[in-house]
Amino acid sequence: MQIFLDTAEIDEIRARTAAGLVDGITTNPSLIAKSGADIFERIAEICEVISGPVSAEVVATDTQGMLSEGRRLRAIAPNVVVKLPLTRDGLAACRTFADEGVPTNVTLCFSLNQALLAAKAGATFVSPFVGRIEDMGGDGIGLLAAIREVYDQFGYETGILAASLRSALHVEEAARIGCDAATLPPKIFDSMVAHPLTDAGLKAFLEDWNKTGRGGLG
Ligand code: E4P
């Protein structure tokens, strides 16, 4: 499963790419607004740090506007993925981009029907928002599983990008279902590596080793 960071903060990205565990980045208008950066400059900076897919979202709400904004975003770097809202206009823009070979991420997906339409529109990725569905009392993980089942049944190649994840458990569930990618806030990415038994075990190993007085292995 590909792991993307869901942030527009360049320092947060730089700090987490060294180990090669981050495959890409997703941004949205709220994250860009929060960063205070110019969207074109910030996406260019991110694309210099990471060569995998970098989702940059349009803010136009009509198809022509989305196509024009998407082309400007796509011109920033070859790894930019044009992020489009899951609306009728967004799906029309998605189809045009798919026919042109431009990668897309159809976002704000909250139902199986929406995911079905995104696949039929030729989306590269569809982003179901797990956490926001659970906030409303719905079954976000169940939606991921249903999309996986239907995409496999019909051979749709659209990648399922689990989004709006709120915990490390969500990441595990997305992986078990067979999502193609998951996008996580940096703090959830950090929590994937942490386990109290790892910390306790390492502490005990090092205490035992230090008792020998042998020092490091160098
Ligand atoms: C997806 O691409 C979105 O940027 C993101 O995952 C939304 O998450 P949120 O519901 O925590 O804002």
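Structural data are supplied above this passage.
A brief report on the enclosed structure follows.

Here is what the cut-offs are and how they apply
Residues numbered from 1 in each chain as written. Predicted model: local features only at pLDDT ≥ 70, side-chain atom pairs only at ≥ 80, totals over all residues. Heavy atoms only, no water. Helix = DSSP H or I, 4+ residues; strand = E, 2+ residues; numbered from the N terminus. Buried < 20%, exposed > 50% of the residue type's maximum accessible area, 1.4 Å probe, protein only. Near = heavy atom within 4 Å. Polar contact = N/O pair within 3.5 Å; in protein donor to acceptor, adjacent residues only side chain to side chain. Areas by Shrake-Rupley, 256 points an atom, 1.4 Å probe, with all protein chains shown as cover. Nonpolar A, V, L, I, M, F, W, Y, C, P; charged D, E, K, R; others polar. Core = buried A, V, L, I, M, F, W, Y, C linked by side-chain atoms within 4.5 Å. Contact = heavy atoms within 4.5 Å. Salt bridge = Lys/Arg side-chain N within 4 Å of Asp/Glu carboxyl O. Phe/Tyr/Trp six-rings, centres within 6.5 Å; stacked < 30°, edge-to-face > 60°. Lys NZ or Arg CZ within 6 Å of the ring centre and 35° of its normal.

Before going further, it helps to spend a moment on the environment of Gly-20. With respect to the helices, strands and loops of the structure, Gly-20 is situated in the loop between helix H1 (10–14) and strand S2 (24–26). The exposure class of Gly-20 is exposed, given its relative accessible area of 55%. The sequence separation of Gly-20 and Ile-50 amounts to 30 residues, and the corresponding C-alpha distance is 9.6 Å.

Take the site of the ligand next. Lining the immediate surroundings of the ligand are Asp-6, Asn-28, Lys-83, Phe-129, Arg-132, Ala-163, Ser-164, Arg-166 and Thr-183. For the ligand, an oxygen atom lies 2.6 Å from a polar atom in the side chain of Lys-83. Here Arg-132 contributes a side-chain N or O atom positioned 2.6 Å from an oxygen atom of the ligand. Expressed as a share of its isolated accessible area of 340 Å², the protein-covered part of the ligand is 85%. A breakdown of the residues in the shell around the ligand according to their chemical character gives two nonpolar, three polar and four charged.

What follows covers the nonpolar core. Core analysis: the largest hydrophobic core is formed by 55 residues, its most contacted members being Ile-25, Leu-84, Ala-118, Leu-144, Tyr-151 and Leu-184. Ignoring anything within four residues of it in the chain, the contact list for Leu-84 reads Val-58, Met-66, Gly-90, Ala-93, Cys-94, Phe-97, Thr-104, Asn-105, Val-106 and Thr-107.

In this section: unusual backbone geometry. Even without a glycine there, the phi angle at Leu-108 is positive, about 65°. Following the sequence through the fold, Leu-108 ends up in strand S5 (residues 104–109). Exposure remark for Leu-108: the relative accessible area of 32% places this residue in the partly exposed category. Residue Ser-164 is not a glycine yet carries a positive backbone phi of 55°. For Ser-164, the location among the structural elements is in the loop between strand S7 (159–162) and helix H9 (168–177).

This part is about the side chain of Asn-105. Turning to its location among the elements, Asn-105 is positioned in strand S5. A distance of 2.8 Å separates polar atoms of two side chains, one belonging to Asn-105 and the other to Ser-127. Look past the residues within four positions of Asn-105 in its chain and what remains in contact with it is Thr-26, Ser-55, Val-81, Val-82, Lys-83, Leu-84, Phe-125, Val-126, Ser-127 and Leu-161.

Here the structure, examined in full by the defined rule, presents eleven salt bridges. Of the charged contacts in the structure, one is a salt bridge between Lys-203 and Glu-207, with a shortest N-O distance of 3.1 Å. Taken together, the residues span about one helical turn, with Lys-203 and Glu-207 both in helix H11 (residues 196–211) at a distance of four residues. In this structure Lys-203 comes out as exposed when scored by relative accessible area, which is 53%. Connected through shared salt-bridge partners, Arg-148, Asp-152 and Asp-180 make up one network.

Attention now moves to the side chain of Thr-183. Positionally, Thr-183 belongs in strand S8 (residues 181–184). There is a polar contact of 2.6 Å between the side chain of Thr-183 and the side chain of Thr-26. Once residues within four sequence positions are removed from consideration, Thr-183 is found in contact with Phe-4, Leu-5, Asp-6, Thr-26, Leu-161, Ala-162, Ala-163 and Leu-165.

For the rest of this paragraph, the subject is the packing of aromatic side chains. This model, assessed by the stated rule, comprises four aromatic pairs. Geometrically, the ring pair formed by Phe-154 and Tyr-156 is tilted, given 6.0 Å between the ring centres and 35° between the ring planes. Given the relative accessible area of 54%, Phe-154 is considered exposed. Assessed through its relative accessible area of 23%, Tyr-156 is described here as partly exposed. Positioned above the aromatic ring of Phe-40 is the side chain of Arg-72, whose terminal nitrogen or guanidinium carbon lies 4.1 Å from the ring centre.

Take it as geometry only, folks, not as evidence of what the structure does.
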